[in-house]
Structure formats: C-alpha cells, structure tokens
Amino acid sequence: MAQVDRLRLERLQAKMKTTGLDALICRLPENVVYLTDYWPHHGFSVAVLPKDAKPLLFLPEIETEYADPDWAEVVPFGWGLLKDGDLYENYRRLLGQARARLHLKGGRVGVERSFEVIGSTYRSAEPVVPAAPWWRLLDDILAEARLIDATDLLQTARGIKTDYELGKLRVANEIAEMGMSEFLTKLQPSMTEAQVGAMVEHRIRADGPGHKGARLVRALCEVGAGPIGSTKGTLLVPSTTRVITAGDIVMVELATVVDGYWSDLTYVSVAGEPNDRQREVHNRVLEAQQAAAERMRPGVPFSEPDSAARRVLEKAGLGEYFVHITGHGVGLRYHEFIPFLMPGATGILETGMVSSVEPGVYIQDFGGIRIEDNVAVGADGPIFLSTPRKPW
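A brief report on the enclosed structure follows. (Residues numbered from 1 in each chain as written. Predicted model: local features only at pLDDT ≥ 70, side-chain atom pairs only at ≥ 80, totals over all residues. Heavy atoms only, no water.)

1. Focus: the pattern of salt bridges
So, step 1. Going through the model one piece at a time under the given rule, you end up with 30 salt bridges.
So, step 2. Residue Glu65 pairs with Arg215 through a salt bridge whose shortest N-O separation is 3.7 Å. Pair noted here: Glu65 is in the loop between strand 3 (56-60) and strand 4 (73-77) and Arg215 is in the loop between helix 7 (193-207) and strand 7 (217-225), with a separation of 150 residues, a long-range link.
So, step 3. Residue classification places Arg215 among the partly exposed residues on the basis of a relative accessible area of 40%.
So, step 4. Put simply, Arg311 and Glu304 hold a salt bridge, and the shortest N to O gap is 2.8 Å.
So, step 5. Judged by its relative accessible area of 18%, Glu304 is buried.
So, step 6. Each member of the salt-bridge network shares a partner with another, and the members are Glu30, Arg158, Lys161, Arg333 and Glu336. (Salt bridge = Lys/Arg side-chain N within 4 Å of Asp/Glu carboxyl O. Helix = DSSP H or I, 4+ residues; strand = E, 2+ residues; numbered from the N terminus. Buried < 20%, exposed > 50% of the residue type's maximum accessible area, 1.4 Å probe, protein only.)

As structure tokens, this is what we get:
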C-alpha cells in the first residue's frame, strides 16, 4: 500500500464544501500532482476530484505505470497512435461518464480558469496548455452545471504543505544539492558559464533518479559570472559563453523538479580564493538570509522576513544594493504566489508554508551575491528543507 497524503485531499475537499463546489476538474500538471501525486509527462491527463470521494485520473495509457491507484481511480485512454482516435472525443467520453457518475448536472464545478504562470510537465520541451478547445469542451459537457474559477481555492490550499509534501520537497532539495556540490568542488577558471550550468544539470539528471524513490528528475541551471554577469542574477538570465577568470564571483540559480515537487536554490562561489571584500559581502548576505529565515514562524507577517534581511544589509551599508524581494512560495511550481516575502505584503505566515529565502546584493564593478534556501514554517520555528550555508 502506497502512502497517500489524505490530509491534503481532506483539506481541499473541506474548502470545496465551504465554497459549495461539487467537483474540481484539473488539467494543469501542478494541480494533477496535487490531486493524485502523479506528474504528467505529456500534459494530456485530467484529474477530477469529487467533494467527498477519491479522485478520478484520466491519463494516456503510456503513462499508466507512473500513476498510483492508491491515490486515484486510474482510467487510461489511448493517445498518440493511429488506433487511439481523436483526443477530444476521448475527453468527451470520459468527462461525460464523470458527469453522470458524480451527478454534476446542475452542480458547481471548479476549474483552473485564471492560472497564468504554470508548472511544466516532465516533457518540458513541448508544454501543453489548456486553451479554447478545452474550455469549449467543458462548456458543452457541463452546460447544465455552473463552472467556477477555483484558482484562488487551489492556490490557497496548496500554500499550506503537509508533512508528506515537506518530505517530497526535502528530497527535491537533496537532489538539487548533488548538482550544487558538483559546482562547488569542480568550478575552475577557464570554464564558461554554460559549461558550469551543464555540469550541474548533468549530475542531477544522472544521479537524482533513484534517490529515495525519485523517478522523474529535471533541472534548469543558469550561471552568471564576473562583475557584470553575476549582477544579472537579479533576474533569471541565460548562461553565456563568457569564460570565467580567476577571482570571478560565480552565481548559480537552479530549479530542480522531482516527480512534480520543486526546489529553488541559489549558490555563489569564487573561481579561486575569495578576496577580503568578497568574503565580507558574502558573510553579510548570509547573515541577512539567516535573520530572514529565523522569522519564518507562525503568526509573523509576510513582510517581516524581508524587513529582517534589510535591517542587516542596511546596517552593513549594503541596503541600496538589495533590489528584489526576499522570497516566494515553492512547492508544485518553481515560483508559487503564497507566501510572498516582500515590503508591504499583508499575509500572515502559517505552519506548513514554504518559501525561498534569498536576499542578495548587486554592486556595480564588484558583482552579485545571493544566497537562497527553501525554508518551511514549522510549528516551533523555521525548518530548512535545503542545507544552510556557512560563512566564507
């Protein structure tokens, strides 16, 4: 018997009942993972969650071995071969069966109407996004029901992670750190930014599958080096063919996804030995990050970890160089919207929320230093899901 995260399904179904939803229909990969713990490969799967029963999971038969029947009632359908017929006719048949079985005629059905930023499928080379044909199909099949935008309900529910989810996110971070270890031990002058990124991704893709049961592993690594390249870390920019020279600051921004659960880490190193100024700035950023992480506690405003980091950097004379937010949610997507650790944010941290904690400074003619870990709000204080850094 597989472990099923019943708590998260029960919480979601309780929210559905509170808002009067009879069912949820989800196609976006991140929400299919949330309902069924299965990460779609091609993006044609559909999960249907009734308000009081086990999810239904419709998926291409080629992906069946990755779905868990303990989590959902798995219904394969033919896709991709001549024998399989039209995809949307298969959808019409399966959703029509679900409508009748769940008595959705005249009911209220939640859909993912307003997701504009989405997590990828495993087959990220060609993402599939539900668009006009899908919405026309739902409007037709559920013409006698009321379709309700459940975006806020889903994002709010997903903002509070269970212990099961925290365990999955910890594994994603452990696998991400395989790549970061490669970066720290093998960085050398004469490598290009692109070569460093490829080295990190290779280690993760090669050694991540099989780690604590991980099956599907992807990594996206961007590297910026030198006094200009590392300052571009304020935004996610592509690695280039720039050759790293001795003394360069090298920043690695890494997104890693393991079976649909994400890690978001930033590491910084120096090609060679850091000089005194690099040590000083790095250690002040680390102090700011630790101050922010310490405020990841229940009942603390979203803005407070950000304020804690800024106080440290302002005291060190570095405040003007901290130009972005301190953190964002991490979970079933690389960047989630709950919580946002930023000036003026009005939410309150709750046990189970997970955020990146990533203050950084970007100084002209010097470079950029950002330190990013994934931290959960524990009942008794912060819980690092990645390994805290040490001073230089």
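2. Let's talk about the packing of helix 1 (residues 6-18) against helix 5 (residues 151-158)
So, step 1. Between helix 1 and helix 5, the shortest axis-to-axis distance is 10 Å and the interhelical angle comes to 145°. Helix 1 and helix 5 meet at a crossing whose hand is right-handed. On helix 5, the residues that touch Leu12, Lys15 and Met16 of helix 1 are Leu153, Leu154, Thr156 and Ala157.
So, step 2. By residue class, the composition of the contact of helix 1 with helix 5 is 5 nonpolar, 1 polar and 1 charged. (Axes fitted to C-alpha atoms, helices over the stretch in contact; angles between N-to-C directions. Left-handed = near helix turned anticlockwise from the far one by under 90°. Contact = heavy atoms within 4.5 Å. Nonpolar A, V, L, I, M, F, W, Y, C, P; charged D, E, K, R; others polar.)

3. Some points on the sheet that holds strand 1 (residues 23-26)
So, step 1. Spatially, 4-3-2-1-5-6 is the arrangement adopted by the 6 strands of the open sheet, whose pairing is mixed. At either margin of the open sheet sits one strand with a lone partner, and together these are strand 4 and strand 6 (146-149). Shown here is a sheet whose adjacent strand axes are inclined to one another by a mean of 20°, direction ignored.
So, step 2. Two elements, strand 1 and strand 5 (residues 108-111), share 2 bridges in a ladder whose sense is parallel. From the neighbouring strand, Ala23 faces strand 5, where its bridge partner is Val109.
So, step 3. Strand contacts of helix 1: strand 1 and strand 2 (46-50), with the helix running at about 65° to strand 2, the strand carrying the most contacts. (Pairing = 2+ DSSP bridges.)

4. Examining the packing of helix 3 (residues 87-101) against helix 4 (residues 132-141)
So, step 1. Contact pair helix 3 / helix 4: the axes reach a minimum separation of 10 Å and the direction vectors enclose 35°. Note on packing geometry: the crossing formed by helix 3 with helix 4 is right-handed. Contact residues: helix 3 offers Tyr88, Tyr91, Arg92, Leu95, Gly96 and Arg99, while helix 4 offers Pro133, Trp134, Leu137, Leu138, Asp140 and Ile141.
So, step 2. Here the residues of the contact of helix 3 with helix 4 are counted per class, giving 8 nonpolar, 1 polar and 3 charged.

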